[in-house]
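Residue-level structure breakdown
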Amino acid sequence: MIDKTSIRELKGIGDKTQKLFEKVGVSTVGDLIRYYPRGYDIYEDPVPVSEAEEGRTQTISGAIYGRVQVSGSTKMQVTTMYVKDLTGTMKVIWFRMPFLRSTFAKGGAVTLRGRIVRKRDGLVMEHPEIFYPCDKYADRLNTLQPLYGLTSGLTNNAVAKAVRQALDGMDLASDLLPSRIRLRYGLAEYNYAVRGIHFPEDKEVFYHARDRLVFEEFLAFILSIRKLKDKNEKLANEYVIGMKPETEAFLQGLPFRLTEAQKKVWNEIAKDMAGETAMSRLVQGDVGSGKTIVAVLALMNTAQNGYQGAMMAPTEVLARQHYESITRLFDTYGIKIKVELLTGSMTAKEKRRAYDRIECGYARIIVGTHALIQGGVNYDCLALVVTDEQHRFGVKQREAFAKKGSVPHVLVMSATPIPRTLAIILYGDLDISVIDELPANRLPIKNCVVDTGYRKTAYSFMKKQVAQGRQCYVICPMVEESESMEAENVIDYASMLQEELGEEIAVSYLHGKMRQTEKDDIMERFGKNEIQVLVSTTVIEVGIDVPNATVMVIESAERFGLSQLHQLRGRVGRGGEQSYCILMSGDKLSKEARARLDAMCQTNDGFRLAELDLKLRGAGDMHGTQQSGETFDLKIADLAADTQIMQITRDEAVAVLSADIDLSQPEHAGLRRLRERYRSHDKMDFSQIS
Ligand code: ADP
Ligand code: MG
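The written sequence of each chain sets the order in which its residues are numbered from 1. Labels follow written order: the first chain is A, the first ligand is 1, and so on. Only residues with pLDDT of 70 or above have their local features reported here, since the model is predicted, and side-chain atom pairs are shown and tallied only from 80 upward, although totals for entire chains, interfaces and linings are computed over all residues. Calculation of side-chain values draws on the structure's entire complement of heavy atoms; hydrogens and water are dropped beforehand.

Some details on unusual backbone geometry
Both trends apply: most residues other than glycine have a negative phi, and most peptide bonds are in trans. Basically, it comes down to this: Secondary structure counts use DSSP, requiring at least four H or I residues in a row for a helix and at least two E residues in a row for a strand, with both numbered from the N terminus. When a residue's accessible area, from a 1.4 Å probe over protein chains only, is under 20% of the maximum for its type it is buried; when over 50% it is exposed; and in between it is partly exposed.
In this model, Tyr132 is joined to Pro133 through a cis peptide bond whose omega is 0°. Structurally, the position occupied by Pro133 is in the loop between β6 (122-131) and α4 (137-140). Phi at Val407 is positive, roughly 45°, even though this residue is not glycine. If you trace the backbone, Val407 turns up in the loop between α14 (395-403) and β13 (409-414). Accessibility expressed as a relative area gives 26% for Val407, which makes it partly exposed. We note that Ser556 has phi near 45°; this positive angle belongs to a residue other than glycine. Counting through the fold element by element, Ser556 comes out in the loop between β19 (549-554) and α19 (562-569).

Some remarks on helix α13 (residues 348-359)
To be explicit about the condition: A helix's residues, less one, multiplied by 1.5 Å, set its expected span. The arc in question is the one traced by the directions running from the helix axis out to the C-beta atoms. Residue contacts are counted whenever heavy atoms from the two residues lie within 4.5 Å of one another.
The end-to-end C-alpha distance of α13 is 16 Å, a good match for the 16 Å that twelve residues give at a rise of 1.5 Å each. Listed as buried for α13 are Lys351, Ala354, Tyr355 and Ile358. End-on view of α13: buried residues confined to an arc of 105°, all on one side of the axis. Opposite the buried face of α13, by more than 90 degrees, sit the exposed residues Lys349 and Arg352. Its buried side turned inward, α13 meets β9 (308-312), β10 (339-342) and β11 (365-368). Among the residues trailing α13, Gly361 stands out with phi positive, at a value near 90°.

Focus on the sheet that holds strand β20 (residues 580-585)
The condition that has to hold: Two strands pair under a simple rule: DSSP has to find at least two bridges between them. Interaxial angle, 0 to 180 degrees, is taken between N-to-C directions of lines fitted to C-alpha atoms, where a helix line uses only the stretch in contact.
The parallel open sheet is built from six strands, whose spatial order is β15-β20-β19-β16-β18-β17. Taken across any chain shown, the strands that pair with only one partner, and hence form the sheet edges, are β15 (446-451) and β17 (507-510). When the angles between neighbouring strand axes are averaged without regard to direction, this sheet yields 20°. Here β15 runs beside β20; their pairing, made up of six bridges, is parallel. Bridged to Val449 within β20 is Leu583.

Here is the structure:
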């Protein structure tokens, strides 16, 4: 019912507000109720003035001290007051509130909550919320105020009000979790939980509510995956692919030996493909561990057996790179397999030609973006589908890819370093291989964190590296909100850097707004070392492989998450030369940002970093946002922090399904609905991937 009611039915929501809500994905009352806060403001006990900390929002309580002053221009009047407690005196200012002078005329005790900032004359509390007389604060103490994800024009207050209205008008919803499960794990009832997640009276209520919702979401999620597993398990192998001597010869002729880990994984794949049932395998390996060659061997062996194999990458740049490197390899070894490229940016005519060659079976290995799974493409005999950088795709896309063939072998590759237990849950329908070793010729990347004062030194270091024949990347900070600002930023930076480095070094740039042909051209020239320094946004984040590049400079490194930093760093250290990662940070680093950058210096191992990330964020992290980069559309559960609940739900899901695989028993009707709801919002969103 609430899922069919538009939010327009709520009081105070007109055209304009409705549009704003739609921007954040809320169109029905049901959406609104499931639009959970991203965090909470907590009204904590007042701190002694002497313990006020710069950069934090805190509460102080004390006596009004001296006279309240109003200064500044009429447009921007500043009210200044001093508050004194046993430990010290705090200066407090308000903007545009001159009337406060009379409000506080009586003096006495006041409680104030606001942000502490550093000014020339020391710490100042800026524009605080006022509790006067100070016992008014008692009502607020320890309450949590929801903070919602917003968009420009939509205020937190507007969302909170709408949610409150929706909850007040909501009939008691029936609980979709069977009471047996609810009681067994001491989970809150649904109606209590939705109210408790939006407006918790205290932390207890919040945790109780959140646990319940996380449990429910994980259970729906895992049930939807487990279903896949049962479907896949019994499927017979329609394409028995034996090892061809050509593939063996190709492997022997490669300029490098496979690492032991690569060999092991390649053997697992070869065995799967020749076995009784269709392959369904995830290859996990840190950045630079050499996943591509393993996939290429599988594709090649498939083609040698007379079938087609396709590989899908999340970006056009990466798809083209794979295409180029495969064709180059095949040229070198005189291998006559037709490799085809298929991406969204190709012209209609180019696409039609590619479709024809794919449909008639002339194209044997097809490399591309999500264009590979779109309507127009029909394969002749698709026996293997490979998804590179799997974490950039959703479960549905992987499925759609497999549906392009008749039960093809499925291989997915990911660098996301998630613990094995978690991977089994996430990719419940897949077997897992791990490449846990880097090629032997690699030297560990040297890392440093520096502030902007070091920039000139970094530039001269880059100059030296280029003089030795090496190449460099510089990642410009993201500019929030606007892609065109981001483009401008990159272009300005590149021309500044060109000036700085001199004419003899070719500097160029890459950003998301460029036409695909331009991007391809730049990447190709960078690959050939015709460009030595590439200034870029994060469009080069995944997969790009230019082994001659040895320097990665990341501007405003504190703005990136750990896994993203690790991916970016993974663009260097891919060859035999010593590589360097220079993390450039702004001046005022929060403690947390500092710790993140330090972690980057502590280790180059993606798995270790993921663990550190988890520690830094802490299991009790109130912001239930999901940062591991997986596209699973979890609204509240956190793959990294909620592993315990995940384990329990996994066991519960297995128990439920083994008793009732279709969830057809009356007791499981709610679970069936939960699963359907989960799957319906796990939709394919092609606009998200460029
Ligand atoms: P990723 O696992 O990040 O996808 P790639 O497959 O792109 O890594 O490999 C990174 C680089 O390492 C490539 O230039 C590749 O040619 C090279 N490489 C792969 N395997 C080996 C190996 N066994 N020895 C040396 N170099 C290798
Ligand atoms: Mg790769």
